[in-house]
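# Results of the structural survey
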Amino acid sequence: MPRLSKKTMFAIEAVLDVAFHVGENPVRSGDITERQRIPKRYLEQVLQHLVRAGILSGKRGPRGGYRLGRERSRITLGEVVRVVRKLEAETEPNDPSVGSALAHEVVWPMWEHLREEMMTQLDTITIDDLCKRAHAKGLDRPATKRTQGTPAAA
């Protein structure tokens, strides 16, 4: 099966983190880096591409950060994976002279068919679905800080 690259995993985690933690203020990339342990060099590049694709929206400046580009129920994993695949394709060599006729005529077409089937499946899974799965696993976003002496909501 097509592999889950680091960049793909980081992109999914970043979008999910924004969906999970966005509130009144946008989510800062430094907070995503800290919570998800994503190296900043990968994260910044991926975030820029996610913004260009409309999956996230970004705001610069001291009160800047990231929000979802649209409702989390309208963002699919397939979209996020395609953004990263496009990014990775820019750096991957593509040499048609590598491989045999069996590879070009049998293996690669079968592999592409499997990849298309997987992408069809990923297009049915939304960021909202993942947020619900996280909630079901008890991975709720952390409680917001309260002022001292204020009782917690029950």
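Scroll up to find the structure this text is about.
These numbers were taken from a predicted model, which means no experiment stands behind them.

Rules used throughout
Residues numbered from 1 in each chain as written. Predicted model: local features only at pLDDT ≥ 70, side-chain atom pairs only at ≥ 80, totals over all residues. Heavy atoms only, no water. Core = buried A, V, L, I, M, F, W, Y, C linked by side-chain atoms within 4.5 Å. Buried < 20%, exposed > 50% of the residue type's maximum accessible area, 1.4 Å probe, protein only. Helix = DSSP H or I, 4+ residues; strand = E, 2+ residues; numbered from the N terminus. Contact = heavy atoms within 4.5 Å. Pairing = 2+ DSSP bridges. Phe/Tyr/Trp six-rings, centres within 6.5 Å; stacked < 30°, edge-to-face > 60°.

Val15, Leu50, Leu56, Val80 and Ile127 are the most contacted members of the largest nonpolar core, which totals 33 residues. For this core, the secondary structure elements donating two or more residues are helix H1 (6–21), helix H3 (40–52), strand E2 (65–68), helix H4 (77–89), helix H5 (101–122) and helix H6 (127–136). The leading source of residues in this core is H1, at eight residues. Beyond its immediate stretch of four places on either side in the chain, Val80 contacts Ala11, Ile12, Val15, Leu50, Ile55 and Ile75.

Attention now moves to the pairing of E2. When strand E1 (residues 56–59) meets E2, the two strands line up antiparallel, connected through four bridges. Among the inter-strand pairings, Ser57 is bridged to a residue of E2, identified as Arg67.

What the rule picks out here adds up to one aromatic pair. Between the aromatic rings of Phe10 and Tyr42, the centroid separation amounts to 5.4 Å while the plane-to-plane angle is 55 degrees, which identifies the pairing as tilted. With Phe10 in helix H1 and Tyr42 in helix H3, the pair connects residues that are 32 residues apart, well separated along the chain.

Quick look at the side chain of Asp128 now. If you trace the backbone, Asp128 turns up in helix H6. Taking relative accessible area as the criterion, Asp128 reaches 13% and is therefore assigned buried. Once you skip the residues sitting within four places of it in the chain, Asp128 turns out to touch Arg72 and Ser73.

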